[in-house]
Amino acid sequence: MITPSLTESVVDLSDRTTLHDYDAIARSSGLRTIMTASEELPRAQADDIRRAAAVAVIHNPWIGTGTDEDLAPATRRIAPLLAKLLTDRLRAALGGAPAIQAFGKAAFVGSAGELEHAAAFIHTPYFGNLMREALEGSSILCFVDGHASPGDVVRIPLWHKTAAATRDYYQTITVDLPDAPHPDEIVVIAAASTGPRPHARIGDRTTDAPVTSDILKEITL
């Protein structure tokens, strides 16, 4: 257990929404801005598919440190706050965890940081485990990470939250980053969908015929 300093207080966020009154969380995580982007994909004779991405822009807490810096303390302190902030917004945008069927995550670091700084916020249990629990999933989260600059457009991969091999749910959502990340910032994204691709019809592993390199012996050109 981390002992708080005299200026800190212990709070229970497990059953509290962060959609409002999150100033203290923002200060603790170095949050500059947070937004949610959503889209609807109509389907004939089926419910519309809704997809959303919750995006947090934070100050990079490791700016000015070397490649031998221990990333664990800041990761443990900040990553759970980001997981809570982002999943609260996904559930609000998509109708709650039971409605969500697919999910994914991403992190992009500004030019003054290193790739490991982005990885630290999404590739540990302090983010992934909390995201799975909040969205009632069990699959390993598919992801993308890297460097980015303001004005970039990124694509976040998603797959089924409990059956990752279900091919119909392999999809992406596009996110615009008009003002982030600045060189000393990190963008962390959680994304989700209420359904598969709109017109999925390429089959699945349960219906695939056996395929090996033997098919290369009978190629027609």
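Everything below is about the structure printed above this text.
A.B. asks: Before we move on, could you go through helix H3 (residues 115-122) and cite the residues and values that matter?
C.D. replies: Taking burial as the measure, the eight residues of H3 include six buried ones, the bulk of the element. All of the buried residues along H3 are His117, Ala118, Ala119, Ala120, Phe121 and Ile122. As for H3, its buried residues are in contact with strand E2 (46-59), helix H2 (72-94), strand E3 (102-109), helix H4 (125-135), strand E4 (142-147) and strand E7 (185-193).

A.B. asks: Give a description of the environment of alanine 106 that names residues and reports values.
C.D. replies: Within the secondary structure, alanine 106 is located in strand E3. By relative accessible area, alanine 106 is classed as buried at 0%. Placed 50 residues apart in sequence, alanine 106 and isoleucine 156 show a C-alpha to C-alpha distance of 6.5 Å. Discounting chain neighbours no more than four positions away, the residues touching alanine 106 are Ile122, Val144, Ile156, Val187, Val188 and Ile189.

A.B. asks: Got a sec to walk through the nonpolar core? Specific residues and values, please.
C.D. replies: Core analysis: the largest hydrophobic core is formed by 37 residues, its most contacted members being Leu82, Leu86, Leu90, Phe121, Phe127, Met131 and Val188. Looking at this core, the elements that each hand over two or more residues are helix H1 (23-29), strand E1 (31-43), E2, H2, E3, H3, H4 and E7. No other element matches the 10 residues that H2 contributes to this core. Discounting residues that sit within four places of it in the chain, phenylalanine 127 has contacts with Ala79, Leu82, Ala83, Leu86, Lys105, Phe121, Ile122, Val188 and Ala190.

A.B. asks: So, the environment of leucine 177: which residues are in play, and what are the values?
C.D. replies: Counting through the fold element by element, leucine 177 comes out in strand E6 (residues 171-177). Using a relative accessible area of 4% as the deciding quantity, one classes leucine 177 as buried. Between the C-alpha atom of leucine 177 and that of valine 153, which follows or precedes it by 24 residues, the distance is 6.0 Å. Not counting the four nearest positions on each side in its chain, leucine 177 is found in contact with Val55, Ala148, Ser149, Pro150, Gly151, Asp152, Val154 and Val187.

A.B. asks: Any chance you could break down the packing of H2 against H4 for me, citing the residues and the numbers?
C.D. replies: Between two packed helices, what matters for the description is the angle formed by their axes and the separation of those axes. It is at 8 Å that the axes of H2 and H4 come closest, and there the two elements cross at 25 degrees. The angle between H2 and H4 falls in the class roughly parallel. Classified by chirality, the crossing of H4 by H2 is right-handed. Listed contacts from H4 to Thr75, Arg76, Ala79, Pro80, Leu82, Ala83, Leu86, Thr87, Leu90 and Arg91 of H2 are Tyr126, Phe127, Leu130, Met131, Ala134 and Leu135. Its residues assigned to classes, the contact of H2 with H4 shows 12 nonpolar, two polar and two charged.

A.B. asks: Give a description of the pattern of salt bridges that names residues and reports values.
C.D. replies: Scanning the model with the defined rule gives seven salt bridges in all. For the salt bridge of glutamate 185 with arginine 32, the shortest nitrogen-to-oxygen distance reads 2.5 Å. In this pair, glutamate 185 sits in strand E7 while arginine 32 sits in strand E1, placing the two residues 153 residues apart along the sequence. Two residues, aspartate 214 and lysine 217, come together in a salt bridge whose shortest N-O distance is 3.2 Å. For aspartate 214, a relative accessible area of 44% gives the class partly exposed. When its relative accessible area of 66% is taken as the criterion, lysine 217 is described as exposed. Connected through shared salt-bridge partners, Arg32, Asp179 and Glu185 make up one network.

A.B. asks: Lay out the pairing of E3 in plain terms, naming residues and giving numbers.
C.D. replies: In terms of burial, E3 is largely enclosed, as eight of its eight residues are buried. Bridge analysis of E3 against strand E5 (residues 152-160) gives two bridges, and the strand direction is antiparallel. When the sheet's bridge partners are listed, alanine 102 is paired in E5 with histidine 160. Relative to E7, E3 runs antiparallel, the two sharing eight bridges. Considered in E7, the bridge of alanine 106 is made with isoleucine 189. Bridge analysis of E3 against E4 gives six bridges, and the strand direction is parallel.

Rules used throughout
- Residues numbered from 1 in each chain as written.
- Predicted model: local features only at pLDDT ≥ 70, side-chain atom pairs only at ≥ 80, totals over all residues.
- Heavy atoms only, no water.
- Buried < 20%, exposed > 50% of the residue type's maximum accessible area, 1.4 Å probe, protein only.
- Helix = DSSP H or I, 4+ residues; strand = E, 2+ residues; numbered from the N terminus.
- Contact = heavy atoms within 4.5 Å.
- Core = buried A, V, L, I, M, F, W, Y, C linked by side-chain atoms within 4.5 Å.
- Axes fitted to C-alpha atoms, helices over the stretch in contact; angles between N-to-C directions.
- Parallel < 35°, antiparallel > 145°, perpendicular 65-115°, else oblique.
- Left-handed = near helix turned anticlockwise from the far one by under 90°.
- Nonpolar A, V, L, I, M, F, W, Y, C, P; charged D, E, K, R; others polar.
- Salt bridge = Lys/Arg side-chain N within 4 Å of Asp/Glu carboxyl O.
- Pairing = 2+ DSSP bridges.

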